[in-house]
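Here's the letter readout for the chains.
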Protein chains: 2
Amino acid sequence: MREPLEPDGCESSLAREPLAAGQAGDLARVFKALGDPVRLRILSIVAGHTGGEACVCDLTAAFELSQPTISHHLKVLKEAGLLTSERRASWVYYRVVPERLAELSALLSLPTGAVT
Amino acid sequence: MREPLEPDGCESSLAREPLAAGQAGDLARVFKALGDPVRLRILSIVAGHTGGEACVCDLTAAFELSQPTISHHLKVLKEAGLLTSERRASWVYYRVVPERLAELSALLSLPTGAVT
DNA sequence: CATCTATATTGACATATGTCTATGAGGACG
DNA sequence: CGTCCTCATAGACATATGTCAATATAGATG
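Every chain's residues receive numbers from 1 upward, in the order its sequence appears when written. Labels follow written order: the first chain is A, the first ligand is 1, and so on. pLDDT decides what is reported in this predicted model: residues at 70 or higher carry local features, side-chain atom pairs at 80 or more are listed and counted, and totals for whole chains, interfaces and linings draw on all residues regardless.

With an unreviewed UniProt entry as reference, chain A is termed Putative transcriptional regulator, ArsR family protein, source organism Planobispora rosea.

Structure below.
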């Protein structure tokens, strides 16, 4: 889940051609990771955090959920390629992967001059 | 699920400010709808179909899944505001809602000159 | 009206998912 | 070295989800 979501230089759009089953599976995993309110908020907090990163303690403080639950969501986001983590001393800092978001964003933007 | 995903003229980005719990819930429902390979392929087929629309028969033909299963996925996509349907004679035609995709696309595109 | 075709709904069932508690692992620090 | 502190993993459990077979609904057509 670290490689680009699409095979090649084709920078995509859902409408370009029928999504192959394989690509659809990879993509679905990423969107599924986004398909939870807590994970969306985590992503939003990390993205908006000063320095572009947030430690787990910042996140657990932002929710009324157990620390393991937050940890679980972070794992899902990381495995979807949406976050990276780095340990510094006792703390683990998470950052968003902007390229990943950009890929999704591009995929969802339909060609403006679509054939109608 | 037909209203815009964000309250106001704020055209968004995940990083702009911590996503409120309510917005996150609405958004998550939409991303969850995208979080299935079959639904992504359905969306792709409809988006890429001549005339911008496809009838259910086009879709059932494209998968090795039962007709009720396809119907179920269409319902999920429709309730997420990603598709609309229109009945003409015996057939029901589905179309993507480009505004909805555009909203998501905008939300996922981080501000380029992000504060680092 | 009877019937056929296209699509939707219902109910059932196996699997996936989100959450928790309990516990483990990695460093800091006395 | 023992003890905190921060974070991750494991296991359990209730609920959600994807799928199917069976059935219902809507419109066309004889």
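A. Summary view of the protein's contact with DNA strand C. Think of it this way: take the backbone, place a C-beta atom on it, and check whether that atom is within 6 Å of the molecule or strand, in which case the residue is near it. Residues in contact with DNA strand C amount to 25 residues; listed here are only the nearest, Pro68 and Thr69 of chain A together with Val56, Cys57 and Pro68 of chain B. Secondary structure counts use DSSP, requiring at least four H or I residues in a row for a helix and at least two E residues in a row for a strand, with both numbered from the N terminus. When contributions to the surface near DNA strand C are tallied by element, the ones reaching two or more residues are helix 4 (67-79) of chain A together with helix 3 (56-62), helix 4 (67-79) and strand 3 (91-96) of chain B. Looking at the surface near DNA strand C, the element that brings in the most residues is helix 4 of chain B, giving six residues.

B. Representation of the sheet that holds strand 1 (residues 53-55) of chain A. Residues and elements named next belong to chain A. Only strands joined by at least two bridges in the DSSP assignment are considered to pair. One open sheet holds the three strands; their spatial order is 1-3-2, and the pairing between them is antiparallel. A strand with exactly one partner marks an edge of an open sheet, and here the two such strands are strand 1 and strand 2 (83-88). Neighbouring strand axes in the sheet, compared pairwise and without regard to direction, differ in orientation by 30 degrees on average. Two elements, strand 1 and strand 3 (residues 91-96), share three bridges in a ladder whose sense is antiparallel. Residue pairing for strand 3: glutamate 53 is matched across the bridge by arginine 95. Only the contacting stretch of a helix is used when fitting its axis, a line to C-alpha atoms as for every element, and angles between N-to-C directions run 0 to 180 degrees.

C. Geometry of the environment of leucine 19 of chain B. Following the sequence through the fold, leucine 19 of chain B ends up in the segment before helix 1 (21-34). Of the residues examined, leucine 19 of chain B has 25 C-beta atoms within 10 Å and is grouped as buried. Remark: residues whose backbone-derived C-beta atoms lie within 7 Å of one another are considered to be in contact. Beyond its immediate stretch of four places on either side in the chain, leucine 19 of chain B contacts Leu40, Arg41 and Ser44 of chain A together with Leu14 and Ala24 of chain B. Residues with at least 20 neighbouring C-beta atoms inside 10 Å of their own are called buried, those with 12 or fewer are called exposed, and the rest are partly exposed, where every C-beta is derived from the backbone.

D. Spotlight on the protein's contact with DNA strand D. As a matter of local geometry, DNA strand D sits amid 25 residues, with Val56, Cys57 and Pro68 of chain A together with Pro68 and Thr69 of chain B nearest to it. Put simply, the parts of the chain that give the surface near DNA strand D at least two residues each are helix 3 (56-62), helix 4 and strand 3 of chain A together with helix 4 of chain B. In terms of residue count, helix 4 of chain A provides more of the surface near DNA strand D than any other element does, six residues in total. Within the surface near DNA strand D, the residues separate by chemical class into 12 nonpolar, 10 polar and three charged. Asp, Glu, Lys and Arg are counted as charged, while Ala, Val, Leu, Ile, Met, Phe, Trp, Tyr, Cys and Pro are counted as nonpolar; the rest, among them Gly, fall into the polar class.

E. Summary view of the packing of helix 5 (residues 98-108) of chain A against helix 5 (residues 98-108) of chain B. At a minimum axis distance of 8 Å, the contact between helix 5 of chain A and helix 5 of chain B shows a crossing angle of 160 degrees. It follows from the interaxial angle that helix 5 of chain A and helix 5 of chain B lie roughly antiparallel. Considering the relative orientation of helix 5 of chain A and helix 5 of chain B, their crossing is left-handed. Contacts from Leu101, Leu104, Ser105 and Leu108 of chain A in helix 5 of chain A reach Leu101, Leu104, Ser105 and Leu108 of chain B in helix 5 of chain B. An angle counts as roughly parallel when it lies under 35 degrees, as roughly antiparallel when it exceeds 145, as roughly perpendicular when it falls between 65 and 115, and as oblique in every other case. Two helices cross in a left-handed way if the nearer one is turned anticlockwise from the farther one by less than a right angle. They cross in a right-handed way if the turn is clockwise.

F. Fine view of the sheet that holds strand 2 (residues 83-88) of chain B. All names here are of chain B. What the three strands build is an open sheet, ordered 1-3-2; its pairing is antiparallel. Either end of the sheet is taken by a strand with one partner, and the two such strands are strand 1 (53-55) and strand 2. For this sheet, the mean angle separating the axes of adjacent strands, direction not counted, is 30 degrees. Bridging between strand 2 and strand 3 involves six bridges; their strand directions are antiparallel. Of the residues in strand 3, the one forming a bridge with glutamate 86 is tyrosine 93. Across the sheet, helix 2 (residues 37-48) lies against strand 1, strand 2 and strand 3, angled at about 95 degrees from strand 3, the strand it touches most. Against the sheet, helix 4 engages strand 2 and strand 3, with an angle of about 120 degrees to strand 2.

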